[in-house]
Amino acid sequence: MLELGTQLKNAFKTLSSSSSNTPQPITESSAESEIPNTSSIQGLEQIAEQKKRKDVQVKNLTKEIGEQRAYLNEVIKNKLSEYGLAPNTQLKIEKLANGKLAVQGSVVQSQLERIGFELSQDNHFVSAYTAVSKQNPTLEYASNVNKLTQAYGQTNKVFQSLLSEKNEFNQLKDITLRYQSLLSQTEFKGASEA
């Protein structure tokens with residue numbers, strides 16, 4: 001909100017003090033927040049270019065792991081059917097420190113252990129589960145940022161810092177690596193301050 005007020009103030013100041021078509025320099029307060037001068041056509045073009053470069057669609061990110069999610073759901077649905085369980089049975093799958101999968105739910109323990117063992121033997125399932133479980137927190141974060149941006153009209157600078165200037169490096173796996181790095185830096189900083 002403050003940045004928008006500063007931008008408007010600078011725009012009105014520039015318009016009232018200058019009638020020439022020469023672009024005005026970016027003021028110190030705008031430079032600090034890295035927002036181009038909105039009182040010139042060049043500044044507006046720069047803002048549009050930044051938005052185009054950093055526009056990451058959540059639905060595109062969702063598509064990146066959509067096939068893997070569908071595969072996981074299909075395998076789990078087949079396992080439930082194989083064991084004669086209702087298709088809407090809720091199962092929680094975790095990856096253990098030894099790399100094996102553990103299954104929890106309101107099912108007989110022996111069946112949970114067998115399902116977990118069988119899923120752990122399926123390398124394709126394990127790799128899909130690993131990828132989805134790594135990338136899903138980033139996808140949820142991006143989705144929340146998108147909803148808040150749409151609701152309040154403010155961009156999230158932390159999320160923007162995770163994005164690359166080049167769109168080909170803004171795939172979910174790339175953003176996930178940067179997001180995990182940021183989280184580990186934050187955790188390390190919090191631990192060192194405590």
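Residues numbered from 1 in each chain as written. Predicted model: local features only at pLDDT ≥ 70, side-chain atom pairs only at ≥ 80, totals over all residues. Heavy atoms only, no water.

## What about the nonpolar core?
Piece 1. Counting 30 residues, the largest nonpolar core has Ile 93, Leu 101, Leu 119, Phe 125 and Phe 159 as the members making the most contacts within it.
Piece 2. Residue assignment for this core shows that the elements contributing at least two residues are α4 (58–82), β2 (101–105), α5 (109–121), α6 (123–152), α7 (157–162) and α8 (172–193).
Piece 3. For this core, the element with the most residues is α6, which contributes 9 residues. (Core = buried A, V, L, I, M, F, W, Y, C linked by side-chain atoms within 4.5 Å. Buried < 20%, exposed > 50% of the residue type's maximum accessible area, 1.4 Å probe, protein only. Helix = DSSP H or I, 4+ residues; strand = E, 2+ residues; numbered from the N terminus.)

## Re the packing of α4 against α6
Piece 1. Packing of α4 against α6 brings their axes to within 9 Å, and their N-to-C directions diverge by 140°. With respect to α6, the element α4 is oriented oblique. Viewed along their axes, α4 and α6 form a crossing whose handedness is left-handed. On α6, the residues touching Val 58, Leu 61, Thr 62, Ile 65, Gln 68, Arg 69, Tyr 71, Leu 72, Val 75 and Ile 76 of α4 are His 124, Phe 125, Ala 128, Tyr 129, Ala 131, Val 132, Gln 135, Asn 136, Leu 139, Ala 142, Ser 143 and Asn 146. (Axes fitted to C-alpha atoms, helices over the stretch in contact; angles between N-to-C directions. Parallel < 35°, antiparallel > 145°, perpendicular 65-115°, else oblique. Left-handed = near helix turned anticlockwise from the far one by under 90°. Contact = heavy atoms within 4.5 Å.)

## Quick word on the confidence of the model for the protein
Piece 1. Counting all residues, the mean pLDDT for the protein is 78, and 71% of those residues have values of 70 or more.
Piece 2. The lowest-confidence element of the protein is helix α2 (residues 28–32), averaging 40 in pLDDT; the highest-confidence one is α5, averaging 95.
Piece 3. Confidence drops under pLDDT 50 across residues 14–33; counting only partners more than four residues distant or on other chains, this segment forms 18 contacts. (pLDDT = per-residue confidence, 0-100.)

## Structural notes on the side chain of Gln 135
Piece 1. Structurally, Gln 135 is set in helix α6.
Piece 2. Ignoring anything within four residues of it in the chain, the contact list for Gln 135 reads Ile 65, Leu 172, Lys 173 and Thr 176.

## Some details on the packing of aromatic side chains
Aromatic rings considered in pairs are described by the distance between their centres and by the relative angle of their planes.
Piece 1. Applying the stated rule across the entire model yields 3 aromatic pairs.
Piece 2. Ring geometry for Tyr 71 and Phe 125: centres 6.5 Å apart, planes at 50°, overall tilted. With Tyr 71 in helix α4 and Phe 125 in helix α6, the pair connects residues that are 54 residues apart, well separated along the chain.
Piece 3. Given a relative accessible area of 24%, Tyr 71 falls into the partly exposed group.
Piece 4. Taking the relative accessible area as the measure of exposure, Phe 125 reaches 0% and is therefore buried.
Piece 5. Relative to Tyr 179, the ring of Tyr 141 lies with its centre 4.9 Å away and its plane at 20°, an arrangement referred to as stacked. Taken together, the residues Tyr 141 in helix α6 and Tyr 179 in helix α8 connect sequence positions 38 residues apart.
Piece 6. Residue Tyr 179 is classed as buried on the basis of its relative accessible area of 14%.
Piece 7. Every member of this aromatic cluster is reached through a ring pair, and the members are Tyr 141, Phe 159 and Tyr 179. (Phe/Tyr/Trp six-rings, centres within 6.5 Å; stacked < 30°, edge-to-face > 60°.)

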